[in-house]
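Examination of the molecular architecture
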Amino acid sequence: MESTGVIIGFWALAGLTVGSAALVFVARNLLHAVLALVLSFMGMAGLFLTLSADFIAMAQILIYAGAISVLLVFAVMLTPLASRDNGNSLFALPGLAIGGAFALLLMFIAVDVDWPELRGAALAERAFDDTIAAIGRSLIDRYAFAFQLASALLLVALIGAIALVREDSER
Amino acid sequence: MSAALDPIRLRAKLAPRALAGGALALVVFAALNVAIAALVVSGALDDQWYDFRDLGLGVQQLREWLDGRTADQPGWLTDVLRSTTWLSYIVTALLGATGILSFVGGVLLVLIWVERRLIGRIQVRRGPNRVGPFGLLQPIADAIKLIQKETLIPVGADRFMFFLPPVLVFIPGLLVWAPIPWAPHMTYLDTNVGVLYLVAIGSLATLAIFMAGWSSNNHYALLGAMRTVAMMISYEIPLALSLLTVVVLTGTAQLSAIVEWQSVHNVWIGMLLPLTLFTFFFSSTAELNRTPNDIAEAESEIVAGFHTEYSGMKFGLFYAVELGNAVAVSALVAALFLGGWSLFGLQEWVPPYLVFAAKVGAVYFVLVWLRGTLPRFRLDQLMAFAWKYLIPLALVQLALVAVEAALLRRWEGEGVVAFGGFILVNGLFTVVAVRGWARFLGYAPEREPLLRPMLTTGVGGIEAADRMRTR
């Protein structure tokens, strides 16, 4: 991070992400919470952009802000009483405890791991401007098996969903 | 009516002034032409007389100048410009944003009139023709009317979420213009994930439309919103698959590079992949809520769908975004499938952005034509068409194109032969697959003969329409 613009952008986006994530907890209306979550996803996409990870940023918007949010909205719409006052949750304390523990664990890992940091000339040497091509190449080359496994899993899930909701026309 | 406002007297009074104004405009136009001719003849524009008319190269020269990369700058200026690298970003960003905003605004003002006049023509009526010459000022009158109207908020509506959607829906409507290549070097956001950007931006409007329907506290609005959401997530799949087919064929996801590819190979992707063009176009009309897929706001079924409760300028914003998105989709079809700014060498003589604008206009005309002609699909028909028909065919087409793209990379003969073969193969595939898959799904015209358009023939058909027109 060398230019001031990136630093300002980072803090603004971090504030947006964390602030709207906090709003998700505070909001008493479930749909307001969903909207705040979408805002948080958008902030995360912006953070990816400041790291020059344009493909990941676009995928973040497409998958999380576009698709996952619609899925949540559908779940809320098809659930009776979903838009009722959401103020008192039974699981507030256990949820806080588990979330706090998880955050602590992540922070510990982030501090403990020896991240490979590159600066200046070393960074410029490793730079590639076409992230989409690099990601595509490693998907069909090094991570081909994981890629195939994920797509097979998704296909199975799709067929399973169709089989579950299918009406039995023979009856 | 008072004598001062009588249109005939007013016209007689204003005629000399209008004549004088016209003459003045003519003189100014002639003077401009003489000045340009003098510039060209004097030789000051040699080597760049063509670039002079090309906005893309002008923008590139401006960026180079702002980056301190041109030779004819004084030394101190170059030093200053090199130390302020952000300047070229900001200036070009402001320039592009102004360009996009003014273009979209102008388009919204003019094309509303064009669309209404065209549909009137198609439906054998006149369309707006009262306000201003040929009714040209009708959109402005409508906008003033909408601004004056009170925006009602229904009882029990979620006030904040009711206020937000007309604004939120406008953001993707403007952002979608960013990666569109108008000319060489004339792309606002020339990113190499351009196609993915389009899909991501396109998926954002869904949420805003759902918010509008949900917060209105109205059953019709909620029904419309649910229809929209169901339709949008269904049609995003064939849309993304057709875009992916284009990306696989050209080997890049950068929109300007896709246009460049078509320009270099002298071929339009729409010719190579007719089925993909149809898939993209049809899915786009679904995403746009336009006939034949406007079930989200089907007037005859659910009042106005998700924007039932919106009045005044809030409704106006929804309406404007719908039209702006239609133009944006026309631009995408023109760029991705119809060669963008390239026209088999003609772009050397005509400014490329004009070629592109002409193509956008042509595609938009087809959209208006469809709207004026076709009836509306039922919801179940529309969903079945996406899932049972478009998606399987698009998947098979994608596999076919993957093979073709691999062959193309290894091809060493004449390009004409390869592309001619692809056109033949894909055209044959389109015919066979469309027909065969329809038969497989149970389409059998010999058992259920198609209905003739009885009403039209009953009242006299095209001839009666002609008689009505000329009367």
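Residues numbered from 1 in each chain as written. Chains lettered and ligands numbered in written order. Predicted model: local features only at pLDDT ≥ 70, side-chain atom pairs only at ≥ 80, totals over all residues. Heavy atoms only, no water.

**Focus: the overall build of chain A**
Our working rule: Counting from the N terminus, the helices are the DSSP runs of H or I reaching at least four residues and the strands are the DSSP runs of E reaching at least two. Burial classes: relative accessible area under 20% of the type maximum marks a residue as buried, over 50% as exposed, and values in between as partly exposed (1.4 Å probe, protein chains only). Residue contacts follow a heavy-atom distance rule, with two residues in contact if any of their heavy atoms lie within 4.5 Å.
The helix and strand tally for chain A stands at seven helices and zero strands. Traced from its N-terminal end to its C-terminal end, chain A shows the element sequence α-α-α-α-α-α-α. The buried share among the 171 residues of chain A stands at 21%. Partitioning the intrachain contacts of chain A with sequence separation of at least 6 by distance along the chain shows that 53% fall at a separation of at least 24.

**Looking at the side chain of T252 of chain B**
Residue and element names in this part refer to chain B. In plain terms, the rule: Distance and chemistry together define a polar contact, namely a pair of N or O atoms within 3.5 Å, with one atom able to donate a hydrogen and the other to accept it when in protein, and with adjacent residues in sequence counting only for side-chain atoms on both sides.
Position of T252 among the secondary structure elements: in the loop between α10 (219–250) and α11 (255–265). A distance of 3.1 Å separates the side chain of T252 from the backbone nitrogen of Q254, its partner in a polar contact. Not counting chain neighbours up to four residues away, the residues in contact with T252 comprise V247, A257 and I258.

**Topic: the interface of chain B and chain A**
Note the cut-off: Defined in terms of a 1.4 Å probe, buried area is the accessible area two parts forfeit on being brought together, summed over both. A pairing counts as a salt bridge when a side-chain nitrogen of Lys or Arg comes within 4 Å of a carboxyl oxygen of Asp or Glu. All residues other than Ala, Val, Leu, Ile, Met, Phe, Trp, Tyr, Cys, Pro, Asp, Glu, Lys and Arg, Gly among them, are scored as polar; the first ten of these are nonpolar and the last four charged.
Listed as interface residues are 22 residues of chain B and, on the opposing side, 24 residues of chain A. For the pair chain B and chain A, the two sides together bury roughly 2000 Å², of which 85% comes from carbon and sulfur. The largest contributions to the chain B side of the interface with chain A come from N192, L196 and L207 of chain B, which together make up 26% of the buried area. Applying the counting rule to chain B against chain A returns zero salt bridges. For the interface between chain B and chain A, the tally reads zero residue pairs in polar contact (both at pLDDT 80 or more). Taken together, the residues of the side of chain B that touches chain A break down into 17 nonpolar, four polar and one charged.

**Comments concerning empty space enclosed by the protein**
Gaps left between atoms show up when a probe the size of a water molecule is rolled over them. Residue and element names in this part refer to chain B. To be explicit about the condition: We place a 1 Å grid over just the protein atoms. Points where a 1.4 Å probe fits but has no way out form a cavity, open points with protein on both sides within 12 Å along at least 5 of 7 lines form a pocket, and any residue with an atom within 4 Å of a point lines it. Grid points are joined across faces, edges and corners, and a volume is the space filled by probe spheres set on the points.
Scanning all chains against the criterion turns up five cavities of 30 Å³ or more. Quantified by volume, the largest cavity comes out at close to 470 Å³. Sorting the residues of the lining of the largest cavity by element identifies α8 (170–175), α9 (194–215), α10, α13 (274–288) and α15 (312–337) as the ones contributing at least two each. Among the residues forming the lining of the largest cavity, the class breakdown is 19 nonpolar, six polar and three charged.

**Describing unusual backbone geometry**
Residue and element names in this part refer to chain B. We note that N266 has phi near 55°; this positive angle belongs to a residue other than glycine. Locating N266 in the fold gives a position in the loop between α11 and α12 (269–272). Taking relative accessible area as the criterion, N266 reaches 48% and is therefore assigned partly exposed.

**As for helix α4 (residues 86–122) of chain B**
All names here are of chain B. Inclusion rule: Any helix carries an expected span of 1.5 Å times its number of residues minus one. In this analysis the local bend is the angle between axes fitted, respectively, to the seven residues ending at and the seven residues starting at the residue.
With 37 residues, α4 ought to run about 54 Å at 1.5 Å a step, and its terminal C-alpha atoms sit 51 Å apart, in line with that. Along α4, the sharpest change in direction is near 30° and occurs at V110. With its phi angle positive at about 55°, V124 sits one or two positions after the end of α4.

**A look at the environment of M271 of chain B**
Residues and elements named next belong to chain B. Structurally, the position occupied by M271 is in helix α12. Between the alpha carbons of M271 and F337 there is a distance of 7.9 Å; along the sequence they are 66 residues apart. Beyond its immediate stretch of four places on either side in the chain, M271 contacts F344 and I423.

**Looking at the pattern of salt bridges**
All names here are of chain B. Counted according to the given criterion, the structure contains two salt bridges over all chains. Where E115 meets R371, a salt bridge forms, and the shortest distance between an N and an O atom there is 2.4 Å. Taken together, the positions of E115 in helix α4 and R371 in helix α16 (residues 352–373) put the pair 256 residues apart, joining distant regions of the chain. Given a relative accessible area of 3%, E115 falls into the buried group. Judged by its relative accessible area of 28%, R371 falls in the partly exposed class. For R116, the salt bridge is made with D142, and the minimal N-O distance between the two is 3.0 Å. Here R116 is found in helix α4, whereas its partner D142 is found in helix α5 (residues 138–148), with 26 residues between them in sequence. Since its relative accessible area comes to 32%, R116 is described here as partly exposed.

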